[in-house]
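As a plain string of letters, each chain reads:
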Amino acid sequence: MAEGDNNSVYQLAAETASLEEQLQGWGEVILMTDKVLRWERAWFPLVLMSVVSFSFLMIYYLDPSVLSGVSCFVMFLCLADYLVPALAPRIFGSNKWTTEQQQRFHEICSNLVKSRRRIVGWWKRLFTLKEEKPKMYFMTMLFSLAVVAWIGQQVHNLFLTYLIVSFLLLFPGLNQHGIITKYVGMAKREINKLLKHKEKKNE
């Protein structure tokens, strides 16, 4: 068991080091993005939502086709992949890279690797469920997809995408400042109160 844990830790460290090497040119941008997503300044959420809202308003105004939208998005990614590693050191100054920044960059890469592992793990568990309990798998999938289809039918596609993107971008900050934990705790307490009240009524 200990040997398996050591191998897992070694593999995690190797994957993290590999990712750090791949993202080295994006280091300054990733650190700045991390600060914005974690709301290190009080006005960061406002800036974040302003940028997201403006982007979606432009998409709504231009109303591009799916092919045009995908092409423009991939084109933007290609330009960023080419320009960011070249321009970032000049803008942020690579000589200002400190030990603290390197440590934070390492933590971000490690968290990304762990997140990727979790997603792969969920995907494998889904296929395990399919093999071991096919009826439950198909019922769960059909119900989940039906709910998603119903939501998609009720809410405009672009607005739904806007809500999802906004939530994903705000999630790190909400989590960092304990807002999610606070409201999840409140919801749990209310549910427990309702259950206890129901039990008393049954008695």
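Each remark here, short or long, concerns the structure printed above.
Residues numbered from 1 in each chain as written. Predicted model: local features only at pLDDT ≥ 70, side-chain atom pairs only at ≥ 80, totals over all residues. Heavy atoms only, no water.

## Focus on the nonpolar core
In step 1: Counting 10 residues, the largest nonpolar core consists of V36, W39, F44, L48, M49, V52, F56, Y162, L170 and L174.
In step 2: Elements that contribute at least two residues to this core include exactly α3 (44-62) and α7 (157-176).
In step 3: When residues in this core are grouped by element, the largest group, 5 residues, is from α3.
In step 4: Filtering out sequence-adjacent residues up to four positions away, W39 remains in contact with F44, P45, L170, G173, L174, H177 and I179.
In step 5: Counting residues in hydrophobic clusters, the runner-up holds 8 residues, among them I30, F105, C109 and V113. (Core = buried A, V, L, I, M, F, W, Y, C linked by side-chain atoms within 4.5 Å. Buried < 20%, exposed > 50% of the residue type's maximum accessible area, 1.4 Å probe, protein only. Helix = DSSP H or I, 4+ residues; strand = E, 2+ residues; numbered from the N terminus. Contact = heavy atoms within 4.5 Å.)

## Topic: the pattern of salt bridges
In step 1: For the structure shown, the criterion picks out 7 salt bridges.
In step 2: Of the charged contacts, one joins R38 and E40 as a salt bridge, the two residues approaching to 2.9 Å between their closest N and O atoms.
In step 3: Owing to a relative accessible area of 45%, E40 belongs among the partly exposed residues under this scheme.
In step 4: A salt bridge links E190 to K193, with the shortest nitrogen-to-oxygen separation between them at 3.9 Å. Of the two residues, E190 and K193 are both situated in helix α8 (residues 179-202); the distance of 3 residues between them amounts to about one turn of the helix.
In step 5: Judged by its relative accessible area of 53%, K193 falls in the exposed class. (Salt bridge = Lys/Arg side-chain N within 4 Å of Asp/Glu carboxyl O.)

## Observations regarding the packing of aromatic side chains
In step 1: Applying the stated rule across the entire model yields 6 aromatic pairs.
In step 2: Considering the side-chain rings of W43 and F44, the 4.6 Å spacing of their centres and the 75° angle between planes classify their relative orientation as edge-to-face.
In step 3: With a centroid separation of 5.4 Å and an interplanar angle of 75°, the aromatic rings of F56 and Y162 are classed as edge-to-face. Taken together, the residues span a long stretch of sequence, with F56 in helix α3 and Y162 in helix α7 at a distance of 106 residues.
In step 4: Relative accessible area serves as the criterion here: at 13%, F56 is assigned to the buried category.
In step 5: Among the aromatic residues, those joined into a cluster by ring pairs are F56, F159 and Y162. (Phe/Tyr/Trp six-rings, centres within 6.5 Å; stacked < 30°, edge-to-face > 60°.)

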